[in-house]
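Residue strings, one per chain:
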Amino acid sequence: MAWQYLGTNQKSAAELDQLAQFLAHPLCNPRELTSFHHSHKAKLLDKFLSTNSNPFREEYGWCKSAVKIPLPYEKAKWSSEAAAPQMTIDGLWHWDLVNVIMKAFQSEQFKMFHTTPFRQCQKVSEDHIIDVLSEAYCSPEMLCAYEEVNRLPHEPDGDLECVVASLMLWLDSTHLTNFREASMWPFYMYFGNQSKYLRGKPTAMACHHVAYIPKLPDDFQDIYRGFFEHALSREVLTHCKHDLFHAIWDLILDMQFMDAYQSGIIIWCADGITWWIYPHFFSYSADYPEKVLLGGIKFLGKLACPWCPVAKKNFSKMGMVQDMQHHVTHVWIDSAEWQEHISRAHKLVFQKGAPISGKQVGYQLDEHSYVLTTNALSEFLLKFMVNFFLLLVMDLLHEFELGVWKAIFIHLLCILFAAGGDSMQELNKRYRNVPTFGHGMIRKFACNASAMKRLAAWDFEDLLQVCAIHNDLQ
């Protein structure tokens with residue numbers, strides 16, 4: 001207890017429990033603590049990281065690669081896009097997707113995987129049965145994928161059972177510090193074959209790192225001026241950012257993964273059985289800026305939704321019956337025609353010297369809010385007749401709790417402030433009087449809710465849940 005309260009006040013009770021577990025570990029020798037010194041141990045750790053025994057090295061699965069992006073310049077013409085000046089972006093650390101899949105299916109966590117999807121139902125009455133959609137391996141998408149791979153032609157004497165590896169992708173740029181601009185852009189993956197209750201446990205080790213995406217270097221504008229002796233425009237900078245993102249995707253979706261996606265992988269798994277594994281992209285979760293970046297449409301453009309091509313002028317109809325029907329019946333569809341529009345725009349920019357924001361390029365792109373970027377996921381999945389737009393699922397954390405609900409809560413606070421009186425104080429009082437509920441479900445509101453000071457996503461979730469409960473009681 002003295003260690004916890006000495007020094008900083010940021011040491012939690014969980015950290016104290018963890019320290020006690022370390023001291024009670026059989027490998028912990030109390031005599032070694034008498035000569036412990038942090039700087040000496042830090043030097044030993046640095047030495048360890050520089051040797052081959054470091055598990056975070058290329059020999060253990062990590063690959064360090066570099067990608068190249070072509071640099072456009074207005075009025076400059078080349079014979080092809082490949083002949084244009086290219087900039088090399090290095091520092092991309094990533095795993096091969098095939099190695100990630102093989103590692104997961106050969107690990108102990110595979111024993112908790114569901115290899116055969118099934119349908120869950122609830123019998124409401126004798127003549128009425130409804131589907132229960134709870135897990136990825138109970139979804140219609142998983143059932144269709146399983147039936148599809150089992151219809152594929154296999155070897156006549158082959159007796160291996162086919163399994164769908166449901167790949168659930170996440171991408172989120174993260175700010176690492178409270179000050180300055182240190183950031184990280186992790187790209188990670190879960191398997192839908194595993195229960196969501198296990199995926200939500202950090203101790204289950206269900207998250208698999210795929211890549212850490214680099215950004216354009218800080219001296220990018222200086223490098224661009226070195227090529228063309230002119231500063232780059234805002235449109236060129238945006239295009240290069242998009243091009244870098246899809247160049248990284250193109251590197252990750254290599255020929256080895258393409259063969260695995262088409263023909264499957266034969267893996268001797270952790271249960272001692274050899275399975276024929278077929279990777280299948282199940283979902284892609286990201287916030288809105290990263291969704292439009294993957295979808296290849298303009299950020300808040302004329303057709304701003306990454307799911308359905310609804311015009312911005314119709315945003316006021318959001319939530320109406322007509323809008324909900326449009327959301328279901330009209331979705332973005334990947335097609336060869338879309339790829340042809342992008343290809344024509346590329347020829348105009350690199351071979352004709354047309355500006356990115358010019359009318360010629362706009363004629364090819366503006367009608368559907370396309371951007372001047374060859375979409376790597378489209379190039380990969382279209383040959384398998386897969387519409388990658390259907391992978392873009394809602395990100396509840398960013399799009400609702402920190403998006404829609406946060407904006408609505410601020411609007412409600414403005415109404416209370418305009419109403420005057422003690423309405424704002426009454427709101428804070430009611431939230432403070434709410435008791436805790438469940439294990440981490442509803443936490444105690446320790447400060448004024450209206451102040452909204454340093455609230456995390458779960459704080460907004462609690463604010464919404466309490467508000468919903470109060471409305472139900474009314």
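Right, let's walk through the structure included here. The model shown is predicted, which means the values in this text are computed figures rather than measured ones.

1. Let's talk about the packing of aromatic side chains
One pass over the full model with this rule turns up 37 aromatic pairs. Seen from their ring centres, W78 and F228 are 6.3 Å apart, and the 65° between their planes marks the pair as edge-to-face. A residue pair is termed long-range when its members are at least 10 positions apart, and W78 in the loop between β1 (63-70) and β2 (86-94) and F228 in helix α7 (residues 220-228) qualify at 150 residues. Each of the two residues, W78 as well as F228, counts as buried. The interplanar angle of 75° and the centroid separation of 5.4 Å between the aromatic rings of Y261 and F380 together place this pair among those described as edge-to-face. With Y261 in helix α9 (residues 255-263) and F380 in helix α14 (residues 376-381), the pair connects residues that are 119 residues apart, well separated along the chain. Each of the two residues, Y261 as well as F380, counts as buried. An aromatic cluster is defined as three or more aromatic residues linked by ring pairs; in this entry it consists of F187, W249, F257, Y261, F281, Y284, F380 and F384.

2. Focus on the packing of helix α4 (residues 97-105) against α9
In the contact formed by α4 and α9, the axes pass within 8 Å of each other and the chain directions differ by 55°. Comparing the axis directions of α4 and α9 gives the class oblique. Touching L97, V98 and I101 of α4 are Q256, F257 and A260, all from α9. Its residues assigned to classes, the contact of α4 with α9 comprises five nonpolar, one polar and no charged.

3. Concerning the side chain of R199
Mapped onto the fold, R199 is located in helix α6 (residues 196-199). Of the polar contacts made by the side chain of R199, one reaches the backbone oxygen of Q194; its length is 2.6 Å. Here R199 is in contact with M168, Y190, F191, G192, Q194 and A206, once residues within four sequence places are set aside.

Cut-off values and rules
- Residues numbered from 1 in each chain as written.
- Predicted model: local features only at pLDDT ≥ 70, side-chain atom pairs only at ≥ 80, totals over all residues.
- Heavy atoms only, no water.
- Phe/Tyr/Trp six-rings, centres within 6.5 Å; stacked < 30°, edge-to-face > 60°.
- Helix = DSSP H or I, 4+ residues; strand = E, 2+ residues; numbered from the N terminus.
- Buried < 20%, exposed > 50% of the residue type's maximum accessible area, 1.4 Å probe, protein only.
- Axes fitted to C-alpha atoms, helices over the stretch in contact; angles between N-to-C directions.
- Parallel < 35°, antiparallel > 145°, perpendicular 65-115°, else oblique.
- Contact = heavy atoms within 4.5 Å.
- Nonpolar A, V, L, I, M, F, W, Y, C, P; charged D, E, K, R; others polar.
- Polar contact = N/O pair within 3.5 Å; in protein donor to acceptor, adjacent residues only side chain to side chain.

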